Amino acid sequence: MSFEHAAHLDTSPYEGLADCHREPIRTPAAIQPNGFLIIFDPLSFRILSVSRNCESLFQKELDTYPDQTIDNLFNEHSAHWIREQIGEEASGPCLDYIPLSLGKQTLEMGAFRYRGLGFVEGLQSPHSAQNRLALNREFFCFVREVADYSSNQALLECAASKIREFTGFDRVMIYRFSEDWHGEVITEQVGEGLSKEYEGLHFPETDIPAQARDLYASNRIRCIPAVDAENVPLFPSAHPINGQAFDLSFCHLRSVSPVHIQYLKNMGVSASMSVSIMVENQLWGLVACHHLAGAKAVSLDQQQKCLATAEVMASHIMRIRSQRFNRKNNEALRICSQLALGGGFSGEYALFNKILELKKALIKLFVADGLEIHIQNRRHRSGPLSISEETLKRIRPLVKQGMLITSNLYSLTGHHEPRMPAGIIFIGLNNDMDEYLCLMRREHQEEVAWAGEPLKPDEETGELRPRKSFESWRQQVAGTSRHFEETDYQIAQIIRNGLVEQHATAEKIATQKQLEIQAMYDGLTGLPNRFHFNMQLTSELDKQELQDNPFALLFIDLDNFKRINDSLGHPVGDRILQDVSARLMEAVSQTDFVARLSGDEFCVIADRRHSHRDIANLCERITANLSQPISVEEGQLFPGCSIGVTLSPEDGNHSTELTRKADLAMYQSKSRGKGSYTFFQPSMLNVLKDRQVRENEIRHAIVEHEFGYHYQPIVDVTENRIIGREALARWTHPEKGLLPPSSFIPLAEQMSLINEIDRQLILGCGALAVNSSEGSPQASYLSVNVSATALINDSIKTLVYELEKREIDCRNLVFEITESTLISDPTKARSLLRFLTKRGIRVFLDDFGTGYSSLSYLNEFPVSGIKIDQSFVRQLHKRKIQKLVSSIVTIADNLDLSLLAEGVETESQKNTLLNLGCHIQQGFLYGKPMAKDGFDAFVKAYPA
């Protein structure tokens, strides 16, 4: 808060006083003169130090005290009472006391133990036993009187009045601290003939500096019977053994800083007492008691009742605060319940619509002047205020733990513009803070009355001195909103929790929807994928059976794609596939169905309501379209295509049969020179004979152990370290050389020989999993693809038992499975996965997101990790794909799953994945699949 009033103050230095902010809160090794202090060892009870006035009070010379114990000073009853009092460490000033007679004086004596020392202090007692009984009656009357008060102000006025009656001070004020530690006198009670001088006035923060506030928070009562009295030194002034100063924080008689004494004198105060009001362990305010003429002693009993009164005030303040909080809390919970129920809204913008419906309730709850929502790419503003992009840019860095609450937004952001709110409750709903709910308050102007100027530094030394002027003046305060209450912070957190939960649910639904779309459509071309194609083909066969609706199936394979892809790279290959997809869509009619099955294979389900010639015309349009050149940076490319056609029902009425025959017809087109189409003919079944030859070759390969693995490195990019390897199956054919898995795995699965191939391969590389130091010390785990057949028919169990029989430790093995494996028999798959995880074999879900219901299966099955499919990686330049991958990273992180991205081929893909939080990567960028010896050499040289 700025102070613009310029009244002149006398800030000349006071002799002997240091800077207020550096001045100790008490004079060390001294006490006030209205009593005595004895410090002793609580184990031996030997006296360590006494106040110098003990010499006259106990009639013993100071030099003799260090040789005596407590028993030498007090009678048996008093000494026994002192021993009982020091059994435990004190947590505050002692308020248990007994009378002590010393000559003609009667004192109140208390004892306590603090920081390994025993303390006995005696205070002059201005009260008789009769006075104490009257004081007790007055206090209990006060407690009964305020029990039903419904406002803090009425209670505080009554409490100030009672404390003035208890103590006889001329003036009693209740002083409340604000957030910035300046304070306001909210009630003032004065004696007869005096007028209220300070009620409603504010005091600057510098009047009670931080070190003083810390003392008030730990030691809740402080008496100064006479500001003019001289302090009494201790003898000796420090511990006689270790030389350390005595900590007198909990002593009633502790001395007072000269700065504070001078401050009181400047106010015309001759004696004072302050009592801390602690609310929920925080310094809420003070009871400030002033006497204006002569000394004023306060008995321990009076202090006890004043402290108890402060506790009654604190309890009432907490009760009123709790009632206010409960009302707001109930409303906040109602709003959160409405958000969760949905209010009949559904769809993409359900959460946005829910908040719109509840905006009036939210504005009322926080006494706001307006509200702004930006969720799910939609924005709504209610009221005269608004958050501009510039203001939002300045707010975002200030948000902590998803929320910013301030009544001083202008100053906090260093920015001001028309319609900008002065106070906000900003609730961020995502990490970027671009989705949010903001409740706004307009600028609030008010007049603040001050009791004098704040301390001003000395022009020469820069030090702060106790001020002399308390003259009232008024300040116009602007630039802030009405201050938010503490309950607003708590309620805002409740609302935020409700919003974040619903926002997360909405994002989860959106992600699920996106993943389901990804499961049905090819990410590169946007065409339906194989899964979608199979569903559509089944549907067409069902319609044909019911409605006699014939159709044609076109199986399309690009003629030159592999050569283009291998020579020019995947980016060019992707561009070709996208262009081919667009040309296919141009060639077909609106009722035809086009899908990309895999790689460069496409299928068209075409309506056959017209003639056989119409299907031939369609094939000709497709071949003509795809024979046209495609322009790329490298020049013009001619992909071309070969088409095989089957007709239903003539060629079959089962999806697998139709697809297989169309595939045979397509290969017939290729054998005729490519760039053509062929209708299926029964004679083509002779092709099956070739299949029999391949089947025999596969059986021979199993016997001769021609199947093996090549290894591709798995890299932790942040550490630039190879952490594992994926084993990729290869067939070393005696005539054809090294063959990829696509040339034998599908046929082996159809032949039911895949289990035997899996067994040979996994047993052959299993030793690598148990001893990674052999040749490749960095590659700590081995990842192996496991076929769906192996899981479904339990052969994987037999394989694991055989590994264990050979004493191969399976804990470094990772089995990769696809979602289709889980879908085929979920119950059996769940049982087998548990079997594997119990033996330390981790299971990763391969090609994550390309199947169906990925999120539900992550929750349902005990998988250890997921692999981001390379179809995502290739499209990381698209923002939607980046958001989808970011969602997958978040899902993996929240479910504590390992995460690996495959198919990384460029630095751009690598860096994008890193930025999205995926640092375990695999792909040609790090190394192609290699034979074992080559892989071992590669690892030893990596990353050179």
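Check the entry above for the structure.
Quantities reported herein were computed from a predicted structural model and do not represent experimental measurements.

Draft legend 1. Inspection of the overall build of the protein chain at higher detail. Broken down by element type, the protein chain carries 29 helices and 36 strands. Accessible area for the protein chain stands at about 43600 Å²; split by element, carbon and sulfur atoms hold 48% of it.

Draft legend 2. Inspection of helix α2 (residues 76–85) at higher detail. Within α2, the full set of buried residues consists of Ser78, Ala79, Trp81 and Ile82. Projected down its long axis, α2 carries its buried residues within an arc of 160 degrees, all on one side. Looking at α2, the residues exposed on the side facing more than 90 degrees away from the buried face are Glu76, His77 and Glu84. Those residues of α2 hidden inside the fold are in contact with β2 (35–40), β4 (98–102), β5 (105–114) and β6 (117–124). For α2, the N-terminal capping position is held by asparagine 75, with its side-chain oxygen 3.2 Å away from the main-chain nitrogen of histidine 77.

Draft legend 3. Focus on the sheet that holds strand β15 (residues 378–382). On the basis of which strands lie adjacent, the open sheet formed by five strands has the order β15-β14-β18-β17-β16 and antiparallel pairing. The open sheet terminates on both sides in strands that have one partner only, identified here as β15 and β16 (403–406). Each neighbouring strand pair of the sheet contributes to a mean axis angle of 5 degrees, computed without reference to strand direction. Here β16 runs beside strand β17 (residues 423–428); their pairing, made up of four bridges, is antiparallel. Residue pairing in the sheet places threonine 406 in a bridge with isoleucine 424 of β17.

Draft legend 4. Structural view of the sheet that holds β5. With antiparallel pairing, seven strands are arranged side by side in an open sheet as β1-β11-β3-β2-β6-β5-β4. Each edge of the open sheet is held by one strand with a lone partner, namely β1 (30–31) and β4. Sheet topology note: the strand β3 (residues 47–51)/strand β11 (residues 232–235) ladder contains two bridges and is antiparallel. For serine 51, the partnering residue across the bridge sits in β11 and is leucine 234. Its contacts with the sheet put α2 on β2, β4, β5 and β6, and the angle it makes with β5 is roughly 30 degrees.

Draft legend 5. The arrangement of the packing of aromatic side chains in detail. Evaluated as defined, the whole model comprises 20 aromatic pairs. Judged by centre distance (6.4 Å) and plane angle (20 degrees), the rings of tryptophan 450 and tryptophan 473 are stacked. Of the two residues, tryptophan 450 sits in strand β19 (residues 444–451) while tryptophan 473 sits in strand β20 (residues 472–480), which places them 23 residues apart along the sequence. Across the pair, tryptophan 473 and tryptophan 450 agree in class, each one buried. An aromatic cluster is built from Tyr175, Phe177, Trp181, Tyr198 and Phe203, whose rings are joined through pairwise contacts. Between the NZ or CZ atom of arginine 725 and the centre of the ring of tyrosine 711, over which it lies, the distance is 5.4 Å. The ring of tyrosine 781 carries the charged tip of arginine 842 above its face, separated from the ring centre by 4.9 Å.

Conventions adopted
Residues numbered from 1 in each chain as written. Predicted model: local features only at pLDDT ≥ 70, side-chain atom pairs only at ≥ 80, totals over all residues. Heavy atoms only, no water. Helix = DSSP H or I, 4+ residues; strand = E, 2+ residues; numbered from the N terminus. Areas by Shrake-Rupley, 256 points an atom, 1.4 Å probe, with all protein chains shown as cover. Buried < 20%, exposed > 50% of the residue type's maximum accessible area, 1.4 Å probe, protein only. Arc of directions from axis to C-beta. Contact = heavy atoms within 4.5 Å. Polar contact = N/O pair within 3.5 Å; in protein donor to acceptor, adjacent residues only side chain to side chain. Pairing = 2+ DSSP bridges. Axes fitted to C-alpha atoms, helices over the stretch in contact; angles between N-to-C directions. Phe/Tyr/Trp six-rings, centres within 6.5 Å; stacked < 30°, edge-to-face > 60°. Lys NZ or Arg CZ within 6 Å of the ring centre and 35° of its normal.

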